[in-house]
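# Coordinate analysis (summary)
So you can see what is in the structure, the chains are spelled out below.
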Amino acid sequence: MKPGSYVEIKTKTGEILKGIVMNTNDPKILSLKLDSGYNIGLDKKNILYMNELRKNQEIKPKQQEEIKINKNLKTIAILHTGGTVASKVSYATGAVFPSFSPTELINMFPELKTIANIKSRLIGNMFSEDIRFVHYNIIAKEIEKEIKAGVDGIIITHGTDTLAFTSLALSFTLENLNKPVILVGAQRSSDRPSTDAAMNLICAAQFITRSNFNEVGICMHGKSGDDFCYILPACKTKKLHTSRRDAFKAVNSNPIAKINKEGKIEFFQEYHKKEHKDKLKLKLFNDKLKLGILKAHPNLSKEEVKMFSKFNGLIIEGTGLGHLPINKIDKNTKENELILKELNKLAKKIPVVMTSQCIFGRVNMNVYDTGRKLQDSGVLGNYSDMTLEAAFIKLAWLLSNYKKNQIKDLINNNFRGEISKRVTYEENLFRLFKVF
Ligand code: ASP
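Being a predicted model, the structure only gives us computed values, none of them experimental.

Further remarks concern the site of the ligand. For the ligand, the full set of nearby residues is Gly83, Thr84, Phe127, Ser128, Glu129, Gly159, Thr160, Asp161 and Ala186. Within the side chain of serine 128, one N or O atom sits 2.6 Å away from an oxygen atom of the ligand. Between the ligand and alanine 186 there is a distance of 3.3 Å, counted from an oxygen atom to a backbone nitrogen or oxygen. When the ligand is considered free in solution it has 260 Å² of accessible area, and contact with the protein chains removes 89% of it. Of the residues assigned to the shell around the ligand, the class counts are two nonpolar, five polar and two charged.

This is the structure:
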């Protein structure tokens, strides 16, 4: 049986299985992709019989077709960067790999064409865990090209793992943005019946054409079912679940809007289009930067702090209000004192910014003595409610575009909505747990 064939198998134990045959390196094993999406390896000796129900149906990429422009519709550029949203299952490995050609994707989701004139290009083909600062610059330049070409909005398809970092990076890079740029991911690959790619893409397109939103946002499932999507704030969103379709949540903030496939929009609060006097300007990332993240944990060692001495900046994911183990209280806590010493040295050399490993809330290094000591040693970020992602991307962007001695004052400056003015998250927290 050739890889890609859809078969029915009966095992010697009487089990009936249906799925797609995949390639394996082991001639004794038959590998099947079951209808559920899971893979199973079967010892060929245990197979009683196998029937081919359907031949290999792997779709061959179609040639780029001519796009017929409908003058009554707005134009959206879909720029693909890769990830599950534009991927299918490889029968050779059984893994999900980024592969759909842009035309294939539109052919799969024909509704898109009824919402807008769609221009679609592949600008990358990678999983988002592999993305580096240089890619933020590449994406930003492609967006600028499309805006100059006159599109009404842009959809960036992207892997979900680091989508929240990229949405921040684009927000910071695209200064004076005056068009909607919506990032869309999917938790299930586009060739699976359970894919969330279609709805996320359609909702993003509806939102672009029907609202006056002109910033960077994220469009992902609002619930695990196909009821609606959220448009989430680019600088205050996190991926909070490994596999659920509604994995993305606004943190210390509300979503911007709810939108369904038919294009019904409900804003969470009145939306005012951003007005800019100046033209779009790209403030790109320095891809040579080395930025670290240090997670506070019990039994931390001074070496973990020292490790960052050759870096350009460090984000600490502290405990609670923004703490590290730095207090020597007896003979068992001598290491803590050494940690503080290292930190004193480090914060004199590079910007060190505190965030919290609590998902919700604000850093406050004024409440406990520990926080005060950290501030004395030069740790920045007090009173900020930035997510770890926001602090990381913002610090990288500041280091790329400003002088090192300006960082101290700029880190708590709210550039793109990454810091909330008011505490709005109790309501958000409540909603989050109701949903889960
Ligand atoms: N690891 C993948 C990525 O982030 C998962 C996904 O595509 O959603 O690219």
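Read on, since the account is not over.
There is a patch of nonpolar side chains on the surface, built from Ile16, Leu48 and Tyr49 and spanning about 290 Å² of accessible area. Position of leucine 48 relative to the elements: it lies in strand 5 (residues 47-54). Given a relative accessible area of 53%, leucine 48 falls into the exposed group.

Next up on the list: the layout of surface pockets. Estimates place the volume of the largest pocket at around 1100 Å³. The class makeup of the residues in the lining of the largest pocket is 14 nonpolar, 13 polar and eight charged.

Next up on the list: the packing of helix 3 (residues 133-149) against helix 4 (residues 163-173). With their axes 10 Å apart at the nearest point, helix 3 and helix 4 run at an angle of 55 degrees to one another. When the interaxial angle is binned, helix 3 and helix 4 end up oblique. Classified by chirality, the crossing of helix 4 by helix 3 is right-handed. Here Tyr136, Ile139, Ala140 and Ile143 of helix 3 come into contact with helix 4, specifically with Phe165, Thr166, Ala169, Leu170 and Thr173. Here the residues of the contact of helix 3 with helix 4 are counted per class, giving seven nonpolar, two polar and no charged.

Another point: unusual backbone geometry. The backbone phi angle of asparagine 252 is positive, close to 55 degrees, even though this residue is not glycine. Among the structural elements, asparagine 252 can be located in the loop between strand 16 (248-250) and strand 17 (257-259). Phi at asparagine 299 takes a positive value of approximately 70 degrees, unusual for a residue other than glycine. Here asparagine 299 lies in the loop between strand 20 (291-295) and helix 6 (302-306). Judged by its relative accessible area of 76%, asparagine 299 is exposed.

What counts as what
- Residues numbered from 1 in each chain as written.
- Predicted model: local features only at pLDDT ≥ 70, side-chain atom pairs only at ≥ 80, totals over all residues.
- Heavy atoms only, no water.
- Near = heavy atom within 4 Å.
- Polar contact = N/O pair within 3.5 Å; in protein donor to acceptor, adjacent residues only side chain to side chain.
- Areas by Shrake-Rupley, 256 points an atom, 1.4 Å probe, with all protein chains shown as cover.
- Nonpolar A, V, L, I, M, F, W, Y, C, P; charged D, E, K, R; others polar.
- Patch = residues over 30% accessible without salt bridge, like charges linked within 9 Å, V, L, I, M, F, W, Y side chains within 5 Å.
- Salt bridge = Lys/Arg side-chain N within 4 Å of Asp/Glu carboxyl O.
- Helix = DSSP H or I, 4+ residues; strand = E, 2+ residues; numbered from the N terminus.
- Buried < 20%, exposed > 50% of the residue type's maximum accessible area, 1.4 Å probe, protein only.
- 1 Å grid on protein atoms, 1.4 Å probe; cavity = no way out; pocket = protein on both sides within 12 Å on 5 of 7 lines; lining within 4 Å.
- Points joined across faces, edges and corners; volume = space filled by probe spheres on them.
- Axes fitted to C-alpha atoms, helices over the stretch in contact; angles between N-to-C directions.
- Parallel < 35°, antiparallel > 145°, perpendicular 65-115°, else oblique.
- Left-handed = near helix turned anticlockwise from the far one by under 90°.
- Contact = heavy atoms within 4.5 Å.

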